[in-house]
Amino acid sequence: MNTKIYIVLIEDEKNICNFISTTLTAQGYKVSTAPNAKVGISLITSGCPDLILLDLGLPDMDGINVIREIRTWASIPIIVISARTQEKEKVLALDTGADDYITKPFGPSELMARIRTALRHSNSLHTDSLLTQRPYRAGDLVIDFEKRLVTLEGAPVHLTQIEFKIVSLLAQNSGKVITYDSIISKVWGPYADDNNRILRVNMANIRRKLEKNPAEPHYIFTEIGIGYRMAEEG
Ligand code: CA
């Protein structure tokens, strides 16, 4: 059977490249690796991968420009591999069209979780329409998008229209980080003021309503300097 999921990995650090490629191969994925952007892009154009893992710091081209180029002709999910100190680059990568990022150093389980999430979202794009989407469930939280109803331990939670929009956006992208700018433009519109204060105020209210201890959230996590990530369903 030749239905293995195919991943192209563009990474110039040999150790990381070997670690990722060994991990993915052991999990049953088919992997091709490229040590630079030029080889990576040619693998992508010739092989039509299901997912791309992309290091931002490549010898021949800025990773951001690689994303920009790929996005002119393909919507294949891209997960960026970045260093801990590259907050601005991560945000730029996400806003340029990357689907998620993973920060070095990372372990196999984190890598697999990111890949599964990205693949799940890329498949659901083709099958789910917004109106027929099934409810989101995680722990005691249920979000019914059709009924616009949020319940926690079976009791309805009263969210404002804006709060519901934010929670729905995050839940429909559960497991994926969504940048502040992306939330603001999707909730308030493309011409909204891009300062994050109003988003932070709304998020504080949402957490008060959804989380037992807002300082230790179970459902919506902060990725400092980048955005928010909603818990995976389950
Ligand atoms: Ca690098």
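You'll find the structure just up there.
Being a predicted model, the structure only gives us computed values, none of them experimental. (Residues numbered from 1 in each chain as written. Predicted model: local features only at pLDDT ≥ 70, side-chain atom pairs only at ≥ 80, totals over all residues. Heavy atoms only, no water.)

The helix and strand inventory of the protein chain stands at 8 helices and 12 strands. At 18 Å, the protein chain has a C-alpha radius of gyration in line with the 17 Å of a compact globule built from 234 residues. When the backbone C-alpha atoms are referred to their principal axes, the protein chain occupies close to 50 × 40 × 30 Å. Of all 234 residues assigned to the protein chain, the portion counted as buried reaches 50%. Taking the intrachain contacts of the protein chain between residues at least 6 apart in sequence as the baseline, contacts between residues at least 24 apart amount to 61%. (Helix = DSSP H or I, 4+ residues; strand = E, 2+ residues; numbered from the N terminus. Rg over C-alpha atoms; globule rule 2.2 N^0.38 Å. Buried < 20%, exposed > 50% of the residue type's maximum accessible area, 1.4 Å probe, protein only. Contact = heavy atoms within 4.5 Å.)

Before going further, it helps to examine the coordination of the calcium ion. Protein-derived ligands of the calcium ion are Asp12 (OD), Asp55 (OD) and Gly57 (O), with the metal-ligand distances lying across 2.2 to 2.4 Å. Sequence spacing of the donors to the calcium ion: D-x42-D-x1-G. (Donors = N, O, S within 2.8 Å, 3.2 Å for Na, K, Ca; no water.)

It is worth spelling out helix α6 (residues 161-172) at this point. In this model α6 runs 16 Å from its N-terminal to its C-terminal C-alpha over 12 residues, within 8% of the 16 Å that 1.5 Å per residue would give. Among the 12 residues of α6, 9 are classified as buried, and the element is accordingly described as predominantly covered. Turning to α6, its buried residues number three or more, namely Glu163, Phe164, Ile166, Val167, Ser168, Leu169, Leu170, Ala171 and Gln172. (Expected span 1.5 Å × (residues − 1).)

This part is about the packing of aromatic side chains. Tallying each qualifying case throughout the model produces 2 aromatic pairs. With centroids separated by 6.0 Å and ring planes inclined at 50°, the aromatic side chains of Phe19 and Phe106 adopt a geometry described as tilted. Taken together, the residues span a long stretch of sequence, with Phe19 in helix α1 (residues 14-26) and Phe106 in the loop between β5 (100-103) and α5 (108-127) at a distance of 87 residues. In this structure Phe19 comes out as partly exposed when scored by relative accessible area, which is 30%. (Phe/Tyr/Trp six-rings, centres within 6.5 Å; stacked < 30°, edge-to-face > 60°.)

Attention now goes to the nonpolar core. Most often, soluble globular proteins have nonpolar side chains that are buried together. In this structure, Tyr136, Leu141, Ile143, Leu170, Ile183, Ile220 and Met230 are the most contacted members of the largest nonpolar core, which totals 29 residues. Put simply, the parts of the chain that give this core at least two residues each are β6 (136-138), β7 (141-144), β8 (149-152), α6, α7 (180-188), α8 (197-210) and β12 (227-230). Top element by residues in this core is α6. It accounts for 6 residues. When near neighbours in sequence (up to four residues on either side) are disregarded, Ile183 contacts Ile166, Leu169, Leu170, Ile178, Trp188, Leu199 and Tyr228. By size, the runner-up hydrophobic cluster in this structure holds 27 residues, among which are Ile64, Ile78, Tyr101 and Val177. (Core = buried A, V, L, I, M, F, W, Y, C linked by side-chain atoms within 4.5 Å.)

The next point concerns the sheet that holds strand β4 (residues 78-82). If you trace the 5 strands from one edge of the open sheet to the other, you get β2-β1-β3-β4-β5, paired in parallel fashion. Taken across any chain shown, the strands that pair with only one partner, and hence form the sheet edges, are β2 (30-34) and β5. Taking the axes of each pair of neighbouring strands and ignoring which way they run, one obtains an average angle of 20° across the sheet. When β4 meets β5, the two strands line up parallel, connected through 4 bridges. Its bridge partner being in β5, Val80 is matched across the sheet by Tyr101. α1 rests against β1 (6-10), β2, β3 (51-55) and β4 of the sheet, and its axis sits at about 165° to β2. Lying over the sheet, helix α4 (residues 87-96) contacts β4 and β5, oriented at roughly 155° with respect to β5. (Pairing = 2+ DSSP bridges. Axes fitted to C-alpha atoms, helices over the stretch in contact; angles between N-to-C directions.)

α4 packs onto helix α3 (residues 63-71) with a crossing angle of 5° between their chain directions and a minimal axis gap of 9 Å. For the element pair α3 / α4, the angle class is roughly parallel. Contacts between α3 and α4 involve Ile64, Ile67, Arg68 and Arg71 from the former and Glu89, Leu92, Ala93 and Thr96 from the latter. In the contact of α3 with α4, the residues fall into 4 nonpolar, 1 polar and 3 charged. (Parallel < 35°, antiparallel > 145°, perpendicular 65-115°, else oblique. Nonpolar A, V, L, I, M, F, W, Y, C, P; charged D, E, K, R; others polar.)

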